[in-house]
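Notes for the structure review
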Amino acid sequence: MDFKYDVIVIGAGHAGCEAAAASANLGSKTCLITMDMNKIGQMSCNPAVGGIAKGQIVREIDALGGYMGLVTDRTAIQFRMLNRSKGPAMWSPRAQCDRGKFIWAWREILENIPNLHIWQDTVEELLVEDGEVTGVTTCWGVTFQAKCVILTAGTFLNGLMHVGRKMLAGGRCAEPASYHLTESIAKHGITFGRMKTGTPVRIDARSVHFDQMEVQDGENDFHRFSFISEPRKLKQLQCWTCYTNEASHEILRNGLADSPLYNGQIQSVGPRYCPSIETKIVTFPDKPQHQLFLEPEGESTNELYLNGFSSSLPMDIQIAALKQIPAFKDLIIYRPGYAIEYDYFDPTQLKHTLETKAIKNLFMAGQVNGTTGYEEAGGQGIIAGINAHINCHGGEPFVLGRDEAYIGVLIDDLVTKGVDEPYRMFTSRAEYRILLRQDDADMRLTERAYKLGLVKQDRYDMLVRKREAVNGIIEFTRKFSIKAALINDALVKLGTAPLTHGCKLIDLIIRPQITIESIAEYIPSFKAILDKITDRREEIIEAAEVLIKYQGYIDRERMIADKIHRLESIRIKGRFDYNSLNSLSTEARQKLIKIDPETLAQASRIPGISPSDINVLLVLLGR
């Protein structure tokens, strides 16, 4: 072995797996370095993928040629489409997965990618010469040479776990922390901080009284995460819900003196939108109960995950509080919940490609950038892998805009605004969420990935066939005329008002009571068009229906996005000495110096930059 690579990826979590796969599939000689090859793609906390906005990110990863969606579909034991009661811009897929099978599905994929090698070891030092990465050294004394390095170390950098007053070094339960690497990066001028996250108890199913809980069934329709997956093959399982109560809250309150979050033991900030149970009872003292979700860890294991009960309280407090809940009165656990503190790096030190500004060819992705969640990590990972390959072999930087992908929103938020708590994606963070639906991620992104070479010809041909089928349906509905006398009886049966005069078919489908499938039963020629679609019929019909029903909203949002694009095209990096611009506010000067934005649009999104500051820059550009 010569230990010389184009790209080295440090860490085989969700960001690392996508980064290594992307760079290798594009043709870069890649090495993925992980502490434990049996924990590749490990789901450190909840064994589930997707959720509000997160599901959209996974669909985007898949559309770009990544693997998270494929692995999720292959190992899913329950699937649900969240937010169905709202418009399609809010629909978000989520799947419960078999934790063990998820790991081995990822490993099987990675081990069979040409150009990709896996090395089991711990990186201790980043090697840098003249401000540029040259490689890494490991705890086994191996020196790797590389043109680019991608850091995706998750929670392992100086990781410290907490259960009550008990503290234990580690990056995850029963796994060691990574030492020295943070310091070897920080000495080159990159600043870092500490963040905290947590995980709940794991419960033995044989001790649970399921008759005291509500069943939560999944769905088994055509929806999947990957646009190219086959139907789910594993047994589909139930989840359950129950609630805490005042008796359990009292025990939790009495234990707060030994809570690392409230006795000063933990100083770092945790995720606001995934709070521990002790944070919930302190923040919402008037709430008599909090909902809990009991979820299986696998197809054939008795281990269950208690979603909603993340905690770092002493183990006896966690157990005693749970035993006050009827379903858990005979509770037996596999291990307690714990909190973990870890190092992260300020993401405003990154470019939109996720390359650091201070060290050339060093990329960062995942929780080291201050995010939380497998999906956010995977989205960053694939972008870092693509751009590391580009840095090695040439080409234009690959950056997604805020109107192109949730991944674009995520990365722009990180590098422009920074983080003061673990960042989690929500649909509300995307100003163009009508354009960023889960149903059209392939329409938005697969062609771009095809031009890169990350998506192969057969996948692209599938997209072309889908686009032609969708357009064919829409074009038929625009041209086909409906006579009132021939359709009114059907309209009454479908629960909508009859026509007073004829119209185009598209005008009927726009009605909320009518779907493409339901109206086609009364229009033989239209039904014949649909019956010709044999491959992914339901997916194609849904895509066409969304475009028909919401075209006005989509067009309006596209127009707004195009206006903002004008500012995106105005490049300002390197054109100003911000310190000398006294016409800018002091805060604006400080923020512009720190972030050094690429474009005027990016500058406008920096917190503290006012519209008047942007106008000043526009005037100066005019001069």
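The rules behind these values
- Residues numbered from 1 in each chain as written.
- Predicted model: local features only at pLDDT ≥ 70, side-chain atom pairs only at ≥ 80, totals over all residues.
- Heavy atoms only, no water.
- Helix = DSSP H or I, 4+ residues; strand = E, 2+ residues; numbered from the N terminus.
- Phe/Tyr/Trp six-rings, centres within 6.5 Å; stacked < 30°, edge-to-face > 60°.
- Buried < 20%, exposed > 50% of the residue type's maximum accessible area, 1.4 Å probe, protein only.
- Lys NZ or Arg CZ within 6 Å of the ring centre and 35° of its normal.
- Pairing = 2+ DSSP bridges.
- Axes fitted to C-alpha atoms, helices over the stretch in contact; angles between N-to-C directions.
- Core = buried A, V, L, I, M, F, W, Y, C linked by side-chain atoms within 4.5 Å.
- Contact = heavy atoms within 4.5 Å.
- Polar contact = N/O pair within 3.5 Å; in protein donor to acceptor, adjacent residues only side chain to side chain.

We now examine the environment of Leu252. Here Leu252 lies in helix α6 (residues 246-254). Separated by 335 residues in the primary sequence, Leu252 and Glu587 place their C-alpha atoms 43 Å from one another.

Summed over the entire model, instances satisfying the criterion amount to 14 aromatic pairs. Considering the side-chain rings of Tyr5 and Phe144, the 6.2 Å spacing of their centres and the 35° angle between planes classify their relative orientation as tilted. In this pair, Tyr5 is assigned in strand β1 (residues 4-10) and Phe144 in strand β9 (residues 143-151), connecting sequence segments 139 residues apart. Residue class for Tyr5 comes out buried when judged on its relative accessible area of 10%. Ring geometry for Tyr550 against Tyr553: centres 6.3 Å apart, planes inclined by 45°, an arrangement best described as tilted. Note that Tyr550 and Tyr553 are positioned in helix α17 (residues 537-568) at a spacing of 3 residues, about one turn of the helix. Under the relative-accessibility criterion, Tyr550 is labelled partly exposed at 29%. Ring-pair connections join several aromatic residues into one group, and the members of that group are Phe3, Tyr5, Trp119 and Phe144. Between Arg59 and the ring centre of Phe227, over which it is positioned, the NZ or CZ distance is 3.9 Å.

Right, let's get into the sheet that holds strand β16 (residues 291-296). Taken together, the 6 strands give an open sheet; going across it, the order is β14-β15-β16-β17-β13-β18, and neighbouring strands pair in antiparallel fashion. Each edge of the sheet is formed by a strand with only one pairing partner; in this case those strands are β14 (214-216) and β18 (333-335). On average, each strand axis in the sheet is inclined to that of its neighbour by 35°, with strand direction left out of account. In this structure, strand β13 (residues 202-204) lies alongside β18, joined through 2 bridges in antiparallel fashion. Bridging from a neighbouring strand, Arg202 pairs with Arg335 of β18.

Another aspect to go through is the pairing of strand β8 (residues 132-138). Along any regular strand the residues' side chains alternate between the sheet's two faces. Taken across its 7 residues, β8 has 5 buried, putting it largely inside the fold. Here 6 bridges tie strand β7 (residues 123-129) to β8, and the two strands are oriented antiparallel to one another. Bridged to Glu129 within β8 is Glu132. What sits between β8 and β9 in their antiparallel hairpin is a turn of 4 residues, with Gly141 showing a positive phi close to 85°.

Before going further, it helps to examine the nonpolar core. Membership of the largest hydrophobic core comes to 112 residues, with the highest contact counts inside it found for Ile8, Leu110, Leu126 and Leu151. If you tally residues by element for this core, the top one is helix α9 (residues 374-393), at 9 residues. Excluding residues that lie within four positions of it along the chain, Leu110 makes contacts with Cys17, Ala21, Leu32, Ile40, Leu116 and Ile118. Ile474, Ile506, Ile509 and Ile516 belong to the second-largest nonpolar core, a separate cluster that totals 30 residues.

The subject of this paragraph is the side chain of Glu355. Among the secondary structure elements, Glu355 is positioned in the loop between β19 (338-345) and β20 (362-364). Residue class for Glu355 comes out buried when judged on its relative accessible area of 6%. There is a polar contact of 2.6 Å between the side chain of Glu355 and the backbone nitrogen of Asn361. Those residues in contact with Glu355, other than ones at most four positions away along the chain, are Gln349, Leu350, Lys360, Asn361, Leu362, Phe363 and Asn391.

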